[in-house]
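Listed here are the chains, written in short residue letters.
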Amino acid sequence: MKTQFKAPLLGAAAASLLTAPAQASTVDETVNAIFANSTGWFVSFIFSPFPGTSFPWIVAWLVIAATIFTFYFGLIQARGFKHAIQLVKGDYSDPDDAGEVSHFQALATALSGTVGLGNIAGVAVAVGIGGPGATFWMILAGLMGMASKFTECTLGVKYRNEFPNGTVSGGPMYYITKGFEERGLKGGKPLAILFAIFCIFGAFGGGNMFQANQAHAQLTNVLGDYPGYITGIIFAAIVFAVIAGGLKSIAKVTEKVVPFMGVLYVITALIILLINFDQIGWAFGQIFEGAFTGLGVAGGLAGALIQGFKRAAFSNEAGVGSAAIAHSAVKTKEPVTEGYVSLLEPFIDTVVICTMTALVIIITGQLMVDPETGLYMVGENGAIQTASGNTGVALTSAAFSATFGWFRYVLALAVILFAFSTMLSWSYYGLKAWTFLFGEGKAKELTFKVIFCLFVIVGAAASLGPVIDFSDASIFAMAVVNIIGLYFLMPIVKRELDSYVSRLKSGEIKKFK
Amino acid sequence: MTEKIVVAYDGSENAHNAVNFALDVAKAKGATLIVAHVLEWSPYSFLTKTEIEERHMRRKEELERADKAIVSPLLKELQTSGVEVEVLVKYGHTAETLLAIVKESGAKQLVIGRTGQSSISTRLFGSVAGTLAQAAPVAVTIVP
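Read on for an overview of the structure.

What counts, and where the lines are drawn
Residues numbered from 1 in each chain as written. Chains lettered and ligands numbered in written order. Predicted model: local features only at pLDDT ≥ 70, side-chain atom pairs only at ≥ 80, totals over all residues. Heavy atoms only, no water. Helix = DSSP H or I, 4+ residues; strand = E, 2+ residues; numbered from the N terminus. Rg over C-alpha atoms; globule rule 2.2 N^0.38 Å. Buried < 20%, exposed > 50% of the residue type's maximum accessible area, 1.4 Å probe, protein only. Contact = heavy atoms within 4.5 Å. Areas by Shrake-Rupley, 256 points an atom, 1.4 Å probe, with all protein chains shown as cover. Salt bridge = Lys/Arg side-chain N within 4 Å of Asp/Glu carboxyl O. Phe/Tyr/Trp six-rings, centres within 6.5 Å; stacked < 30°, edge-to-face > 60°. Lys NZ or Arg CZ within 6 Å of the ring centre and 35° of its normal. Buried area = accessible area lost by both parts, 1.4 Å probe. Polar contact = N/O pair within 3.5 Å; in protein donor to acceptor, adjacent residues only side chain to side chain. Core = buried A, V, L, I, M, F, W, Y, C linked by side-chain atoms within 4.5 Å. Patch = residues over 30% accessible without salt bridge, like charges linked within 9 Å, V, L, I, M, F, W, Y side chains within 5 Å. Axes fitted to C-alpha atoms, helices over the stretch in contact; angles between N-to-C directions. Parallel < 35°, antiparallel > 145°, perpendicular 65-115°, else oblique. Pairing = 2+ DSSP bridges. Right-handed = clockwise from strand over helix to strand, strands pointing away.

Describing the overall build of chain B
Scanning chain B from terminus to terminus reveals 5 helices and 5 strands. Here the C-alpha radius of gyration of chain B, 16 Å, is about what a compact globule of 144 residues would show, namely 15 Å. Considering only C-alpha atoms, chain B reaches an extent of 50 × 35 × 25 Å along its principal axes. Relative to its 144 residues, chain B shows a buried fraction of 42%. Taking all contacts inside chain B whose residues are at least 6 apart in sequence as the whole, residues at least 24 apart take part in 81%. Entry remark: accessible area of chain B is about 7,900 Å², with carbon and sulfur atoms responsible for 52%.

In structure tokens form, the structure reads like this:
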């Protein structure tokens, strides 16, 4: 049951603090009740459908933007794909610039922020509600999203702030402010402030609570049931040690282990697909059929589409603006090159890794099909009934464990590491937004870090529903502001792109390898 | 055009021996000495977000430190030798970068110090001296 609150977040939380203990007995339930009550209004607003339909306006917002960027930049995802790979390989890197951040490093670091639970748990949620057809829309959204990423990351580099000590800060709040000024447009600053506020919410929601929540789900799956706040406190303590205590070694280890976990995950998925290679054709059949008919899922075609697009956006963050923060620190003379490189991100994240997860879930028969009609059996809550009765990360775990029993332990480790690295990434994004609003300073930064860690505990203790809703809502709210900015600034990107491409053709931009 | 000799220098004692050896050769031949200092760096390593943010600043610091602690003291020493000396400080994989310097400068010889280590990692991945002895297109002198 969701109560609608019009009061601000904190007021609502305080109000429910007084009423909640009467109905809830455990700490987890209390946290959960407060959480669901205090964020409900925000979630309802972001996901309100077009009048008379079940289609949330926010999903249309992202899809339309990605489509516009795709056409505006002339299918840059196809045209620029080869060049993006050449850039990552370092073919165009001046050897004299060695020692600066390479394109590969920027991509790897940005990827470690996006490859995470969205690829494991988010896909399971999409397929669990939207059926196999959601995969089709997810892949499509991934391909389209490449153009959104290209746009925002080019701007991120072009309008970053370079501080006298040599460090850099960038992202939508900077390009919206400076870009609008440059074009003589009003309203840049308020828009940038709005973005920064949503970015902080996003850092607390999708970048934090969702991660803690799913990490706890996976831990109970392996270790047996125990209260969520225990996981929360342990996680919060480690995160705090890293981001506030300067325990850089943990961050470094995470940064190095996460890519290998990602590769291990993909290889395992590939092996499972190879073992069941005779069913791959059938699985793709289900994906295509489901994409256009829904195969009996709640909401039919639209249900599959909404789930696919939502999860893709949540996983690859295209249009959200977070990647622009991560990519903007790269040292490059040409902002467009970083745009090129960043378009590989949704491709690797969504088109490759998310599809792997979806295929494994479908092929291992996790989703229950009614043998008579061939349609998926939908439970009371609108989700497809699964063989193990699982949702979220547990569903993915069940799918992988169906072939390799031991994989649930590897997955548990992967989930925890992914969750951790995503939390670190988002603590960075959130902090950048925070310092944009409040200025830089030790005490101000510490305040943010403490609040961030408190939300880790809340996230681990709350049940999946309210957390996932708030995570989505906060991340999508960022996309609302960011995409408005992108529409106004895309002519600047176009100019950069045209100039770069012509110089590339004329040979002014040299290949070094 | 005078002949060129590349000598690798990392501030260690062996490297110092290598420089002295190369200096004698250069004197005898009237050659130019190219002192190369390589800062080990891979564009394919993984960095955290904060490391990326600070990289440009750190690179500057690293170059300044290399100049102050390693290159400048050596240059001072070589000032009186009467041999023409060039200095190159570069980032990269040590052996590959030295090879690139040799090729680019058209040097006829490469002089390096032996690290004298026999650690497990050397056994597994080979040493810089070993790699250069195998791969260099010019004569390589390894000074103990």
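On we go.
Section: the pattern of salt bridges
Considering all chains together, one arrives at 12 salt bridges over all chains under this definition. Note that Lys89(A) is salt-bridged to Asp91(A), the shortest N-O span being 3.7 Å. Given a relative accessible area of 44%, Lys89(A) falls into the partly exposed group. A salt bridge links Glu3(B) to Lys29(B); the nearest nitrogen and oxygen atoms lie 3.5 Å apart. Here the residue Glu3(B) occupies a position in the segment before β1 (4–8), and Lys29(B) occupies one in helix α1 (residues 13–29), the gap between them amounting to 26 residues. Each of Glu54(B), Arg58(B) and Glu61(B) takes part in one network of salt bridges that share partners.

Comments concerning the packing of aromatic side chains
Counting across every chain of the model gives 34 aromatic pairs over all chains. For the ring pair Phe204(A) and Phe448(A), a centre distance of 5.7 Å and an interplane angle of 20 degrees mean the geometry is stacked. Of the two residues, Phe204(A) is situated in helix α10 (residues 188–223) and Phe448(A) in helix α20 (residues 442–461); the sequence distance between them amounts to 244 residues. A single burial state applies to Phe204(A) and to Phe448(A), both of which are buried. On the basis of an interplanar angle of 75 degrees and a centroid distance of 6.4 Å, the ring pair of Phe260(A) and Phe46(B) is categorised as edge-to-face. Taken together, the residues span two chains, with Phe260(A) in helix α12 (residues 248–275) and Phe46(B) in the loop between β2 (32–40) and α2 (49–78). Looking at Phe46(B), the relative accessible area reads 17%, which means it is buried. An aromatic cluster of at least three residues, connected via ring pairs, comprises Phe204(A), Trp434(A), Phe438(A), Phe448(A), Phe452(A) and Phe455(A). Across the ring face of Tyr159(A), the terminal group of Lys158(A) is positioned such that the distance to the ring centre comes to 5.6 Å. Between the NZ or CZ atom of Lys494(A) and the centre of the ring of Tyr72(A), over which it lies, the distance is 5.0 Å.

As for the interface of chain A and chain B
Across the boundary between the two partners, chain A contributes 34 residues, which contact 20 residues of chain B. On the chain A side of the contact with chain B, Gly99(A), Glu100(A) and Gln105(A) bury the most area, a combined 21% of that side's loss. For the interface between chain A and chain B, the tally reads 2 salt bridges. For the pair chain A and chain B, the number of links is 9 residue pairs in polar contact (both at pLDDT 80 or more). The set of elements that each furnish at least two residues to the side of chain A that touches chain B consists of α5 (81–89), α6 (103–114), α12 and α19 (407–438) of chain A. Per-element tally for the side of chain A that touches chain B: the top contributor is α6(A), with 7 residues.

Concerning the nonpolar core
Core analysis: the biggest nonpolar cluster contains 146 residues, and Ile46(A), Phe73(A), Ile76(A), Phe150(A), Tyr175(A) and Tyr340(A) have the highest contact counts within it. Residue contributions to this core peak at 18 residues, all from α19(A). Not counting residues within four places of it along the chain, the set of residues in contact with Phe150(A) comprises Phe73(A), Ile76(A), Val336(A), Gly339(A), Tyr340(A), Ser342(A), Leu343(A), Val493(A) and Leu497(A). Core analysis: the next-biggest nonpolar cluster, separate from the first, contains 19 residues, Ala15(B), Val19(B), Val25(B) and Leu78(B) among them.

Side note on a nonpolar patch on the surface
Taken together, the side chains of Tyr229(A), Ile230(A), Ile233(A), Ile234(A) and Ile238(A) make up a nonpolar region of the molecular surface, amounting to roughly 410 Å² of accessible area. Along the chain, Ile233(A) turns up in helix α11 (residues 228–243).

A look at the packing of helix α13 (residues 280–293) of chain A against helix α14 (residues 300–316) of chain A
Residue and element names in this part refer to chain A. α14 packs onto α13 with a crossing angle of 115 degrees between their chain directions and a minimal axis gap of 6 Å. It follows from the interaxial angle that α13 and α14 lie roughly perpendicular. Residues Gly-290, Ala-291, Phe-292 and Thr-293 of α13 pack against Gly-300, Leu-301 and Ala-304 of α14.

Focus: the pairing of β2(B)
Residues and elements named next belong to chain B. Across the 9 residues of β2, 8 count as buried, placing the element largely inside the fold. Across 5 bridges, β1 lies against β2 in parallel orientation. Within β2, the residue paired with Ala-8 across the bridge is Ala-36. In this region the chain leaves β1, passes through α1 and returns to the parallel neighbour β2; the handedness of that crossover is right-handed. Bridge count for β2 against strand β3 (residues 85–92) is 8 bridges, and the pairing is parallel.

Let's talk about unusual backbone geometry
Residue and element names in this part refer to chain A. Phi is positive for Leu-75, close to 55 degrees, though the residue is something other than glycine. For Leu-75, the position within the fold is in the loop between α3 (57–72) and α4 (76–79). Take Leu-75: its relative accessible area is 46%, and that puts it in the partly exposed class. Unlike most non-glycine residues, Glu-317 shows phi in positive territory, near 60 degrees. Secondary-structure assignment places Glu-317 in the loop between α14 and α15 (322–327).

Here's the deal with the packing of helix α7 (residues 117–130) of chain A against α10(A)
Residue and element names in this part refer to chain A. It is at 11 Å that the axes of α7 and α10 come closest, and there the two elements cross at 75 degrees. Accordingly, the angle class assigned to the pair α7 and α10 is roughly perpendicular. Residues Leu-117, Gly-118 and Ala-121 of α7 pack against Phe-210, Gln-211 and Gln-214 of α10.

A short note on the environment of Leu489(A)
Here Leu489(A) shows up in helix α21 (residues 464–506). Excluding residues that lie within four positions of it along the chain, Leu489(A) makes contacts with Leu155(A), Tyr175(A), Ile176(A), Gly179(A), Phe180(A) and Arg183(A).

Quick word on helix α9 (residues 172–182) of chain A
α9(A) sits mainly inside the fold: 8 of its 11 residues count as buried. Among the residues trailing α9(A), Gly184(A) stands out with phi positive, at a value near 75 degrees.

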